[in-house]
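The primary structure of each chain is shown beneath.
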Amino acid sequence: MRIRLAFVLTLLSAPAFAVAPQFWRVTTADDFLAGEIEGLAVTSRGELRSAPAVKKITSFTDPFVLSQVTAPNGDRFFGTGNEGKIYRLRGSELKLIHTAPEPEVYALAFRDGALYAGTSPNGKVYRIDPETGRASDFHDPGQAYIWALHPVGDDLLVATGVEGKLFRISPKGEGRLLFDAPETHIRSLAVRKDGTILAGGSGQGRIYAIRPDGAARALYDASMNEISAIHVDAGGIAWAAGATSVLPTSAPPRTAKPQQPAAGSGGSSSSSSQEQQKKESEQPSSKVEVSFSFEEAPGPSEGGSAELYRIHPDGFVEVARKFEREMIYAIASSPAGGIVLATGPQGRIYSFRDDEIALIGTVPEKQIVSISGSEPMVVTTTNSGAVYRLDNGRTAAAEYRSAVRDVERFSRFGQYRIEPNHVAEGSVAISFRSGNTRTPDGTWSNWSQPSTRLEGNVDAPPARYLQWKLSVVRPSDDIAIDGVSVAFINRNVAPAIEAVSVQEPAVIFISSAYPASPQVVEATNPDEHGIFSSLEPPREKEQQGKRAFRKGYRTITWRARDENGDALRYSVSFRMKGSERWLRLRDNLDETQMNFDTSQLPDGTYQLRLVASDAQDNPEMPLTDTKEGIEFQVDNSSPSISIAPEGEDVVVRVSDRLSTIGKVEYSVDAQKWLRLTPADGIADSRSETYRLKRSAVSGKFVIVRAVDAFYNVATESITIQ
């Protein structure tokens, strides 16, 4: 029987939360991979299923298990740091067989019955008897770091840094430089069936193809600065991992290394204690931690990034998969087909097959730096050092913890329901917790009691952040969780009117949605809203449009927001200043501006009131914001003009009861208008005086025109003989 689970949370009614419900859905592989997973697998189709059991074989006192290799007889060897120890795992017995003078063992290889170890820094290659642990110097490439060893024919390839050199070493330990890369390190190696060597660089992040004679070409220049792993699968397709890394650019200083015990974990040393001490005294080394030594693992948001590349036989390279918060440290072929990836900093093992990614296992140490494709699959970790085996059986306990979801505002969580589909009670249990900080801490609610019921309430208080935890009580191959949906409802927040302004007299705005002039701009008939005729509102709600003018009109504009994203509607009222009664101007506006004709109002000072409401999305309990007391003037009266001769001048006096005098002009004998300047040099008051030379207007037909700030016009003639 195959059990599929789908979780849907429904809503409980509550007026304070009367806004539209929203849903947090976890349904895809990427959705599930954003959470924390233990004992469960995530399939490429987005199913959460029981995972293969991941069993710890052994732990190390060494903090870093950096490399591994499997011998033909099934023995496994592990290289560690920071004390340069090499262990052999035979069955369930772990034995220290050799301690190198150098502190890090980044590379191991097995060939012709012998174990080869590449050490760093001040790198050396040692040939080690896998039974006794006795070691001999095999080759000194004169390089600081040895990152990879790979058998090719009867020879051994050695990838080094910080000069980015690749050496080919004969069975006698005689080496020759095969390739000098134009970057700092050669970090990874693989060999195709035709003998072509694939090398990954660090510094430039390039993938190189090198022929056995040393001729090389770059296949790919990655966006990452390091090619951390390369692997050729059984079908001849090569895979590479690009990562972000910072490796040393210069060789470390040589310092004496403290004497290490010759054996550990019940094992024997590679030589007698006296021989080991003599060797260490003659060959100084340095215990230098480099960035690859994996300091404390960063959190998921700080985990770097990676890319998986597919290298076709003809040399074409394509990006097969991107990882936003993880690094790929190792690649191997999977016994089930496809490849497997070892990653950090979330301690995950992925399978990649037919362009689909699946999570198949996790470990608590968070950094998985090597992986063997042989069955059973074995991985090694850092912080702290350990070895795990992936078994075919299912884990006894399984738990999935979702990522924390920010629902953006204080919200309430309602009822959950597990869709029954031949799901027995007690198969799964779900818990919830909530809080108001991005990261769960002591201020969050405790996890609710696990509920194994198919229906029930979410036992988490209202908050901004939510997390759920799902436990599979009885793991089974039949259980497949296809998705989890959580509905939440934001607490309704009142709209906020941020700004209100009344434009200058006669200003209107015409957007591109207006019909061309003069059809609308010239319309003056009263409309159905009462005594205030109005231009049709622009169709673009948030844009004022082109500035224009129409005498007698006033325009009010505003800006408002709603934290819930509710649709807002506006009402505008007015009153004469000093009155207590508000009169309706417009209701149910969805634009953020309106114009109205004030030519029917008596002169005076008026006030506006603007109300913003979210009633459209919250009909049961709408919330509003109000701004009132916004004042504006109405002046429909023309200025008065008086004219009197005074000596050699004609004095023109213009006054207005409410507004300042704007423009005053005169025309002689019906010719063009000429601007007059006030006697005090500036038109800034409700009464201004102007002077004309008597000789300029005597005996002529002269008209004076005055316009106030509200575009009211008055004219008067001058008769001077």
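Here, the structure is the one placed above.
Basis of the calculations
Residues numbered from 1 in each chain as written. Predicted model: local features only at pLDDT ≥ 70, side-chain atom pairs only at ≥ 80, totals over all residues. Heavy atoms only, no water. Helix = DSSP H or I, 4+ residues; strand = E, 2+ residues; numbered from the N terminus. Buried < 20%, exposed > 50% of the residue type's maximum accessible area, 1.4 Å probe, protein only. Contact = heavy atoms within 4.5 Å. Areas by Shrake-Rupley, 256 points an atom, 1.4 Å probe, with all protein chains shown as cover. Pairing = 2+ DSSP bridges. Axes fitted to C-alpha atoms, helices over the stretch in contact; angles between N-to-C directions. Salt bridge = Lys/Arg side-chain N within 4 Å of Asp/Glu carboxyl O. Polar contact = N/O pair within 3.5 Å; in protein donor to acceptor, adjacent residues only side chain to side chain.

**A few points about the overall build of the chain**
Right, so step 1: Helix and strand counts for the chain stand at three helices and 56 strands.
Right, so step 2: For the chain, buried positions account for 53% of its 721 residues.
Right, so step 3: Sequence-distant contacts, at least 24 apart, represent 61% of the contacts inside the chain between residues at least 6 apart.
Right, so step 4: In the structure as shown, the chain presents an accessible area of about 32,100 Å², 47% of it carried by carbon and sulfur atoms.

**Focus: the sheet that holds strand E54 (residues 687-693)**
Strand pairing in a sheet is mediated by backbone hydrogen bonds. Such pairs are either parallel or antiparallel.
Right, so step 1: As summarised here, the arrangement of the three strands in space is E50-E51-E54, forming an open sheet in which the pairing is antiparallel. Edge positions in the open sheet fall to strand E50 (640-646) and E54, since each of these has one partner strand only. Across the sheet, the mean angle separating the axes of adjacent strands is 20° when strand polarity is ignored.
Right, so step 2: In this sheet, E54 lies alongside strand E51 (residues 649-655) in antiparallel orientation, the contact comprising seven bridges. Within E54, the position partnered with Asp 649 by the bridge is Lys 693.

**Digging into the sheet that holds strand E13 (residues 125-128)**
Right, so step 1: The sheet built from four strands is open, its strands ordered E11-E12-E13-E14 with antiparallel pairing. Unpaired on one side and paired on the other, strand E11 (104-111) and strand E14 (135-139) mark the two borders of the sheet. Going from strand to strand, the sheet's axes swing by 30° on average, the running direction of each strand aside.

**Quick look at the pairing of strand E56 (residues 713-718)**
Right, so step 1: Pairing between strand E55 (residues 702-708) and E56: six bridges, direction antiparallel. Bridging from a neighbouring strand, Ala 706 pairs with Ala 714 of E56.
Right, so step 2: Here E55 folds back onto E56, and the loop between the two strands holds four residues, one of which, Tyr 711, carries a positive phi near 65°.

**Looking at the environment of Thr 99**
Right, so step 1: Take Thr 99: it is sitting in strand E10 (residues 93-99).
Right, so step 2: By relative accessible area, Thr 99 is classed as buried at 2%.
Right, so step 3: Once the C-alpha coordinates of Thr 99 and Tyr 87 are considered, the two residues, 12 residues apart in sequence, prove to be 9.0 Å apart.

**Thoughts on the pattern of salt bridges**
Right, so step 1: Counted under the stated rule, the structure contains 33 salt bridges.
Right, so step 2: Close ionic contact of Lys 85 with Glu 83 constitutes a salt bridge, the shortest N to O distance being 3.3 Å.
Right, so step 3: Its salt-bridge partner being Asp 406, residue Arg 464 comes within 2.8 Å of it at the nearest N-O pair. Residue Arg 464 is located in strand E39 (residues 463-472), and its partner Asp 406 is located in strand E35 (residues 405-413); the two are separated by 58 residues in the primary sequence.
Right, so step 4: Judged by its relative accessible area of 30%, Arg 464 falls in the partly exposed class.

**Details of the environment of Pro 212**
Right, so step 1: With respect to the helices, strands and loops of the structure, Pro 212 is situated in the loop between strand E21 (206-210) and strand E22 (216-221).
Right, so step 2: For Pro 212, a relative accessible area of 39% corresponds to the partly exposed category.
Right, so step 3: Separated by 15 residues in sequence, Pro 212 and Ile 197 place their C-alpha atoms 7.3 Å apart.
Right, so step 4: Look past the residues within four positions of Pro 212 in its chain and what remains in contact with it is Arg 168, Arg 176, Leu 178 and Gly 195.

**Focus on the environment of Lys 627**
Right, so step 1: Relative to the assigned elements, Lys 627 resides in strand E49 (residues 624-634).
Right, so step 2: Between the C-alpha atoms of Lys 627 and Ala 612, which are 15 residues apart in sequence, the distance is 8.8 Å.
Right, so step 3: Contact partners of Lys 627, with chain neighbours within four places excluded, come to Ile 497, Val 500, Leu 608, Arg 609 and Leu 610.
Right, so step 4: Side-chain polar atoms of Lys 627 contact the side chain of Asp 625, separated by 3.3 Å.

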